[in-house]
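As a plain string of letters, each chain reads:
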Amino acid sequence: MILVPITYTGGVYRHDEVIDYIEDLGGYIVQKHEMAQEMVLQAFIPKDDIGRFTAFTKPLAGEVAESPLVGCEIAVVIPSLEIHHLPHSACDIAEYLRTVGAKTNMVGLARGFGKRISQLNDEERDVINEHDLAIYVLGNFETCIEQKFNGLRRGVNVPIILTGAPPLEALKRITDPPAAGYVGNLGRFMHRTRTEADIGRLDAVVEETARVLNQIRDEIAHDPLSVSPARLKEVIEDGIPDIHQVYSPTPVTVQLTGLRIKLPFDRYHDTIRSLPVEEDVTIGDTAWISPSRMRDYILVQIKPFSETHIVV
Amino acid sequence: MTLLDAFEVECFEETGRDFYKQITETVLSDHNLTAVISKLRIFIDPRIPIFVAVGTIRDAGAAVRISDIGSIQVQGNDTVISIRDETYLAQFLTRLYEIFGHDNVDQPDRFTIIISDVEIPEDFEKIEIVNRADTVLRDLIYAMTVIAPEGFKVRRESYGKRQFFYAASENTLPEHVVGDLVSAQFKLIGEEMA
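The rules behind these values
- Residues numbered from 1 in each chain as written.
- Chains lettered and ligands numbered in written order.
- Predicted model: local features only at pLDDT ≥ 70, side-chain atom pairs only at ≥ 80, totals over all residues.
- Heavy atoms only, no water.
- Helix = DSSP H or I, 4+ residues; strand = E, 2+ residues; numbered from the N terminus.
- Rg over C-alpha atoms; globule rule 2.2 N^0.38 Å.
- Buried < 20%, exposed > 50% of the residue type's maximum accessible area, 1.4 Å probe, protein only.
- Contact = heavy atoms within 4.5 Å.
- Areas by Shrake-Rupley, 256 points an atom, 1.4 Å probe, with all protein chains shown as cover.
- Lys, Arg positive; Asp, Glu negative; His and termini not counted.
- Charge placed at Lys NZ, Arg CZ, Asp CG, Glu CD.
- Salt bridge = Lys/Arg side-chain N within 4 Å of Asp/Glu carboxyl O.
- Buried area = accessible area lost by both parts, 1.4 Å probe.
- Axes fitted to C-alpha atoms, helices over the stretch in contact; angles between N-to-C directions.
- Parallel < 35°, antiparallel > 145°, perpendicular 65-115°, else oblique.
- Left-handed = near helix turned anticlockwise from the far one by under 90°.
- Domains from an automatic or database assignment.
- Polar contact = N/O pair within 3.5 Å; in protein donor to acceptor, adjacent residues only side chain to side chain.
- Nonpolar A, V, L, I, M, F, W, Y, C, P; charged D, E, K, R; others polar.
- Pairing = 2+ DSSP bridges.
- Core = buried A, V, L, I, M, F, W, Y, C linked by side-chain atoms within 4.5 Å.

A. Quick peek at the overall build of chain B. Counting secondary structure elements, chain B contains 5 helices and 11 strands. Against the 2.2 N^0.38 benchmark of 16 Å for 194 residues, chain B shows a C-alpha radius of gyration of 22 Å, more extended than a compact globule. Dimensions of chain B along its principal axes, counting C-alpha atoms only, are 70 × 30 × 30 Å. Residues classed as buried in chain B amount to 46% of the 194 residues present. Sequence separation of at least 24 residues holds for 59% of the intrachain contacts in chain B that already meet a minimum separation of 6. Here chain B has roughly 10,000 Å² of accessible surface; of this, 46% comes from carbon and sulfur atoms. Separation between the mean location of the 19 positive side-chain charges and that of the 33 negative ones in chain B comes to 7 Å.

B. Inspection of the overall build of chain A at higher detail. Regarding its fold elements, chain A presents 11 helices and 15 strands. For chain A, the residues scored as buried account for 56% of the 312 residues in total. Residue pairs in contact within chain A that sit at least 24 positions apart in sequence constitute 67% of those at least 6 positions apart. Mean positive and mean negative side-chain charge positions of chain A (31 and 45 charges, respectively) differ by 8 Å.

C. Inspection of the pattern of salt bridges at higher detail. Going through the model one piece at a time under the given rule, you end up with 25 salt bridges over all chains. A salt bridge links R110 of chain B to E86 of chain B; its shortest N-O distance comes to 2.9 Å. Residue R110 of chain B is located in the loop between β7 (105-109) and β8 (112-116), and its partner E86 of chain B is located in the loop between β6 (78-83) and α3 (89-100); the two are separated by 24 residues in the primary sequence. With a relative accessible area of 52%, R110 of chain B lands in the exposed category. E157 of chain B serves as the salt-bridge partner of R155 of chain B, at 4.0 Å between the closest nitrogen and oxygen. Since its relative accessible area comes to 40%, E157 of chain B is described here as partly exposed. Several salt bridges share partner residues, and in doing so they unite D122, R125, D126 and R293 of chain A into one network.

D. Highlighting the interface of chain A and chain B. Taken together, the contact between chain A and chain B spans 26 residues of the former and 28 residues of the latter. Both sides together, the interface formed by chain A and chain B hides about 2,000 Å², and carbon and sulfur atoms give 57% of it. Of all residues in chain A, F141, R188 and M190 of chain A give up the largest surface area on contact with chain B, accounting jointly for 30% of the area buried on that side. The shortest N-O distance in the salt bridge between K153 of chain B and E82 of chain A comes to 3.5 Å. It is helix α5 (residues 142-152) of chain A that provides the largest number of residues to the side of chain A that touches chain B, a total of 3 residues.

E. Region of interest: the packing of helix α1 (residues 15-25) of chain A against helix α2 (residues 50-57) of chain A. Residues and elements named next belong to chain A. Running from N to C, α1 and α2 point in directions that differ by 165°, and their axes come no closer than 11 Å. Here α1 is positioned roughly antiparallel relative to α2, judged by the angle of their axes. Seen from above, α1 lies across α2 with right-handed handedness. Contact residues: E17, V18, Y21, I22 and L25 in α1; R52, F53, F56 and T57 in α2.

F. Fine view of the domain arrangement of chain A. Residues and elements named next belong to chain A. By the assigned domains, chain A splits into domain 1 (3-66), domain 2 (73-220) and domain 3 (229-308). If you average the C-alpha positions of domain 2 and of domain 3, the two centres end up 28 Å apart. Each partner contributes to the interface: domain 2 provides 14 residues, whereas domain 3 provides 12 residues. Of the roughly 1,100 Å² buried at the junction of domain 2 and domain 3 (both faces included), carbon and sulfur atoms supply 54%. When the buried surface of domain 2 facing domain 3 is broken down by residue, E73, E130 and D132 rank first, second and third, together holding 47% of it. Linking R260 and E130 is a salt bridge whose minimum nitrogen-to-oxygen distance equals 2.7 Å. The tally of links between domain 2 and domain 3 comes to 9 residue pairs in polar contact (both at pLDDT 80 or more). Of the residues contributing to the side of domain 2 that touches domain 3, the split by class is 4 nonpolar, 2 polar and 8 charged.

G. Quick peek at the sheet that holds strand β4 (residues 63-66) of chain A. All names here are of chain A. Taking strand neighbours across the sheet as the criterion, the 4 strands line up as β2-β3-β1-β4 in an open arrangement whose pairing is antiparallel. Edge positions in the sheet fall to β2 (28-35) and β4, since each of these pairs with one other strand and no more. Averaged over all pairs of adjacent strands, the angle between strand axes in this sheet comes to 20°, irrespective of strand direction. The pairing of strand β1 (residues 3-11) with β4 spans 4 bridges and is antiparallel. Bridged to Y8 within β4 is V64.

H. Expanded view of the nonpolar core. Ranked by internal contacts, the top residues of the largest apolar core, which has 56 residues, are L97, I261, I283 and I298 of chain A. Considering each element in turn, this core owes the most residues, 8 residues, to helix α7 (residues 196-222) of chain A.

I. Quick peek at helix α4 (residues 122-129) of chain A. Residue and element names in this part refer to chain A. Among all positions in α4, only E124, V127, I128 and N129 are buried. Its buried side turned inward, α4 meets β5 (73-78), β6 (103-108) and β7 (133-137). Of the residues that open α4, the one with a side-chain oxygen 3.2 Å from the backbone nitrogen of E123 is N121.

Okay, here's the thing in structure tokens:
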């Protein structure tokens with residue numbers, strides 16, 4: 001069964017039926033936003049059932065859209081958290097990606113600015129590596145990006161999308177080894193992105209992110225995961241009631257190949273490890289559980305089939 | 001940016017130059033400085049690397065007096081000031097405390113100040129609260145810090161009565177190099193460096 005990420009937008013009225021229907025189809029809810037009268041659901045549903053689901057939601061005036069960015073965690077990496085990058089352009093990019101279903105975290109480097117003096121420390125590197133994808137929001141000069149980019153990507157082993165003001169061809173020319181994706185004509189700017197041209201540039205980021213994510217998904221399909229991250233999320237939500245006391249917007253964040261659980265590692269990792277996914281198969285059998293470098297969260301990385309010879 | 005008599009950004013990288021032109025326009029208008037600057041020239045060379053901004057300013061505008069901030073009404077023993085423009089309220093209150101003392105100045109709500117039991121000087125309305133010219137050059141240098149590429153932490157800045165310059169780099173550059181660059185930029189806008 002191939003699960004595809006979708007976004008459902010509709011009213012609050014009878015939304016519990018929509019949730020039930022997704023679960024009956026064998027799908028999973030990744031995130032639920034309830035805003036006044038409106039409801040946005042990010043979910044995975046079986047590919048063959050999209051038509052059926054759309055037909056079901058039609059009388060409720062709901063909209064179903066495929067959104068490839070759902071179910072992944074993206075790091076938006078900026079050279080620093082100063083006024084030079086915030087709120088425009090870094091927040092604009094992070095926020096725009098959220099509107100299409102991605103879960104983005106902003107990683108402001110301590111000393112990422114400058115050409116010669118830019119650095120990446122081990123904590124920043126590890127935090128970036130805990131994501132599915134990193135978007136580097138760099139500046140306006142080709143000369144600077146060429147010199148600093150290799151320093152800022154040292155040790156980062158997740159795919160990187162490089163963005164900057166120089167045109168796409170220039171970015172491609174100056175990066176060696178190549179990055180996973182490029183978005184040109186973005187760079188550092190100080191105004192709010194509201195014109196059509198600005199939104200077009202943000203759309204280019206979304207498009208490139210979707211392309212790279214689909215590539216990663218294709219690679220994962222060669223050696224599938226032992227269990228779907230979305231399923232593991234449900235197992236944890238059912239097995240650990242304390243997760244419902246966490247006030248973070250996504251207490252369990254779904255990634256492409258794992259989960260970030262926002263509970264203290266020391267107190268919960270043993271419980272999580274021994275939670276059964278199915279008879280005789282525990283989470284510990286299907287995934288590596290390690291402390292995250294982000295606060296004291298728990299990082300769950302699902303093992304591939306070749307490692308466990310289990311698919312549940 | 002039509003208010004500026006001359007505005008130019010020079011850089012050998014065309015894309016970077018256009019982006020910096022846009023950044024400068026946005027930052028100056030965000031900080032209400034477009035009306036203040038007369039000429040501005042920015043030179044950026046990311047190879048050195050260096051960022052130089054030179055310019056001249058217009059008359060920064062008159063002093064802000066109490067009559068510009070609010071209207072004054074005398075009601076018996078009290079003098080009531082209704083605030084129209086809050087921009088300089090903090091400085092205004094400090095000034096009132098200096099003149100009349102804390103005990104006699106009261107601010108019951110955001111837009112009202114009551115001065116009680118003291119005599120109001122005759123030329124009260126004309127008392128100067130702030131002079132924008134004192135702060136405008138500092139504001140200008142701050143705006144330049146925002147415009148300049150972020151890693152350029154080694155800075156040299158100067159502002160006189162009419163002229164200002166701001167040079168920044170991430171390397172320590174010899175004084176004569178910066179001096180030559182700055183005076184060359186001043187020449188290009190038709191000014192002699194003071």
